[in-house]
Amino acid sequence: MAVWKGINDAVWELGVSRATVWRWIKRLVEEGGRTSALAPRKRGRPTGTTLISSRVEAVIEEHLRRCFLRGNVRASRAS
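What you see is a predicted model; the values in this text were computed from it and never measured.

Draft legend 1. Fine view of the overall build of the chain. Broken down by element type, the chain carries four helices and zero strands. A total of 79 residues make up the chain; the buried ones form 6% of that total. Accessible surface, the chain: about 7,300 Å² in total, of which carbon and sulfur atoms supply 58%.

Here it is, written out as structure tokens:
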């Protein structure tokens, strides 16, 4: 029961949930006890990951150029 006491103490002292404390313990174990394992991690998709194919992206880009950027491009080039 000493483990539960330690977990409960951490929950109370740090103001986080019991699940968070267990996640931190798991990360520490996975990283060999290095405290750097507790540093915030970047979330979400890695930079450069695309959800649509380059072909679909090209069609969208062409449509945007033709329909929405037509007047703006000329105006900015005249400056």
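Draft legend 2. Focus on the pattern of salt bridges. Tallied over the full model, the rule gives six salt bridges. Note that D9 is salt-bridged to K5, the shortest N-O span being 3.3 Å. One end of the pair, D9, and the other, K5, are both in helix 1 (residues 2–14), four residues apart, so they sit about a helical turn from each other. Judged by its relative accessible area of 35%, D9 falls in the partly exposed class. Several salt bridges converge on common partners, so that one network encompasses E61, E62, R65 and R66.

Draft legend 3. Structural view of helix 2 (residues 18–30). Look at helix 2: 18 Å from first C-alpha to last across 13 residues, which is about the 18 Å you get at 1.5 Å a residue. Along helix 2, the residues that are buried comprise T20, V21 and R27. Seen end-on, helix 2 carries its buried residues on one side only, within an arc spanning 125°. In helix 2, the exposed positions that point more than 90 degrees away from the buried face belong to K26, V29 and E30. The inward-facing, buried residues of helix 2 contact helix 1. Once helix 2 finishes, G32 follows within two positions and takes phi at roughly 70°, a positive value.

So, how was this worked out
Residues numbered from 1 in each chain as written. Predicted model: local features only at pLDDT ≥ 70, side-chain atom pairs only at ≥ 80, totals over all residues. Heavy atoms only, no water. Helix = DSSP H or I, 4+ residues; strand = E, 2+ residues; numbered from the N terminus. Buried < 20%, exposed > 50% of the residue type's maximum accessible area, 1.4 Å probe, protein only. Areas by Shrake-Rupley, 256 points an atom, 1.4 Å probe, with all protein chains shown as cover. Salt bridge = Lys/Arg side-chain N within 4 Å of Asp/Glu carboxyl O. Expected span 1.5 Å × (residues − 1). Arc of directions from axis to C-beta. Contact = heavy atoms within 4.5 Å.

Nothing here speaks to function; it is geometry throughout.
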